[in-house]
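Understanding the architecture of this molecule
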Amino acid sequence: MLGGEPQDKEQLLEVLKDARERELLDTDTLSMVEGALQVSDLRVRDIMIPRAEMVYLKRDDPLETILEIVVKSAHSRFPVTGEDKGEVVGILLAKDLLSFCKGNGRRAFNIRELLRSAVFVPESKRLNVLLKEFRSSRNHMAIVIDEYGSAAGLVTIEDVLEQIVGEIDDEHDYDEGPGIFRRGKNEFSAKARTPIEDFNEYFGSDFSDEEFDTIGGLVVNALGHLPKRGESVELGRFRFTVMRADSRRVHLLSVESLDFSDEASHPAEAARRAD
């Protein structure tokens, strides 16, 4: 290191890690500084909530359906779509529905009168730029669009801040609700924190939980490093692909069953259909 001064980001991190070892910084502070430095290297696609996992409202749904979704999800902001899920026509704030919950005296509902303008950002936008835009515009959510202008997912200011300060327990966390979602005959989404025991019960698999508690831990161990979005690995009769991850941990996995026997691939699903 020339003159004892860091010449690049990597050398700066080494200095900070040395400061932690000498107890000049605590671990949490170092983690936040590392997160702040890494934000400029990450893009929206690295942290966005994919379209398949978005909680959204349809513009033409009746008020009863909309209220049911709002209450069940407990979110505060909702993308509203047109005929196609990839067409986001605006954002609805849950608080704007309060006046429609007064029983017989409530006014006529027209969702078009309540819609706020949606902010659209490309998948390639850097997180540090997005954070500045969130702060200047006072927006909390942006719709991520692909190269064809269709909604690919969404990103919130919380998602960006989590890259700096770590996980924030709030309304968009994946840890709430069911851990496994069926997307097709042999395709599923699984939260990385799904216990291996629950995964085995769902799929009739026999992964060991002696070394790792979660399916995400199993996948990270198999890859040998903290993976980025898009990386995949085959374990047993499954192919796992990282759908969402940040600089600290994996959040969401795509699970493809390589055993094309429907009942053998996911007996829990077969049992539910039988009921």
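Residues numbered from 1 in each chain as written. Predicted model: local features only at pLDDT ≥ 70, side-chain atom pairs only at ≥ 80, totals over all residues. Heavy atoms only, no water.

1. Brief notes about the sheet that holds strand β2 (residues 57-58)
Through backbone hydrogen bonds, the strands of a sheet pair up, either in parallel or in antiparallel fashion. Where we set the bar: Strands pair, by our definition, only if DSSP identifies at least two bridges between them. Secondary structure is summarised from DSSP: a helix means a run of H or I of at least four residues, a strand means a run of E of at least two, and numbering begins at the N terminus for each.
Overall, mixed pairing links the 3 strands, which are arranged β2-β3-β4 in an open sheet. With partners counted over all chains shown, the strands left at the sheet margins are β2 and β4 (88-93), one partner each. As paired strands, strand β3 (residues 77-81) and β4 are joined by 5 bridges and run antiparallel to one another. In the sheet register, T81 faces β4, and the bridge partner there is V88.

2. Quick notes on the packing of aromatic side chains
Rules: Pairing of aromatic rings covers Phe, Tyr and Trp, the last counted by its six-membered ring, and requires centre-to-centre distances within 6.5 Å; plane angles under 30 degrees mean stacked, over 60 mean edge-to-face, and any other angle means tilted. To sort residues, take the accessible area from a 1.4 Å probe on protein chains only and compare it with the maximum for the residue type: under 20% means buried, over 50% means exposed, and anything in between is partly exposed.
In the structure shown here, the tally under the stated rule is 12 aromatic pairs. Ring plane angle 50° and centroid distance 5.9 Å describe the contact between F199 and F207, whose orientation is recorded as tilted. Using a relative accessible area of 0% as the deciding quantity, one classes F199 as buried. Accessibility expressed as a relative area gives 16% for F207, which makes it buried.

3. Observations concerning the nonpolar core
Side chains that are nonpolar tend, in soluble globular proteins, to be buried together. Filter applied, for reference: Throughout this description, the term nonpolar core refers to a set of buried Ala, Val, Leu, Ile, Met, Phe, Trp, Tyr and Cys residues connected via side-chain atoms within 4.5 Å. The contact rule is simple, with two residues in contact once any of their heavy atoms fall within 4.5 Å.
Ranked by internal contacts, the top residues of the largest apolar core, which has 22 residues, are F199, F203, F207, F240 and V255. Among residues more than four places away in sequence, those in contact with V255 are R183, N186, E187, F188, A190, F199, F203, F238, R239 and F240. L42, V44, L131 and V160 belong to the second largest nonpolar core, which has 16 residues in total.

4. Here's the deal with a nonpolar patch on the surface
Note the threshold: What makes a patch is a set of residues exposed beyond 30% relative accessible area and free of salt bridges, joined within 9 Å when like-charged and within 5 Å when nonpolar (Val, Leu, Ile, Met, Phe, Trp, Tyr). Exposure was quantified through the Shrake-Rupley algorithm and a 1.4 Å probe, taking into account, for residues, occlusion by the shown protein chains and nothing else. Think of a salt bridge as a Lys or Arg side-chain nitrogen and an Asp or Glu carboxyl oxygen that are within 4 Å of each other.
On the surface, M32, L161 and V165 cluster together into a nonpolar patch covering about 220 Å² of accessible area. With respect to the secondary-structure elements, L161 resides in helix α6 (residues 157-165). By relative accessible area, L161 is classed as partly exposed at 32%.

5. Quick look at the pattern of salt bridges
According to the stated counting rule, one finds 6 salt bridges in the structure shown. Between D96 and R116 there is a salt bridge, with its nearest N and O atoms 3.0 Å apart. With a gap of 20 residues between them, D96 in the loop between β4 and β5 (120-122) and R116 in the loop between β4 and β5 connect regions that are remote in the sequence. When the shortest N-O distance is used, the salt bridge between K125 and E133 registers 3.1 Å. One network of salt bridges, in which partners are shared, links E234, R239 and E256.

6. Looking at the confidence of the model for the protein
What counts here: The predictor attaches a confidence to each residue, and that confidence, scored 0 to 100, is pLDDT.
Of the residues in the protein, 85% have a pLDDT of 70 or more, and the chain-wide mean is 82. Ranking the elements of the protein by mean pLDDT puts helix α9 (residues 262-265) last with 48 and β5 first with 95. Scored below 50 in pLDDT, residues 170-175 makes 26 contacts in the model with residues more than four places away or belonging to other chains. Note that pLDDT drops below 50 for residues 271-275; the model gives that stretch 4 contacts with residues more than four away or on any other chain.

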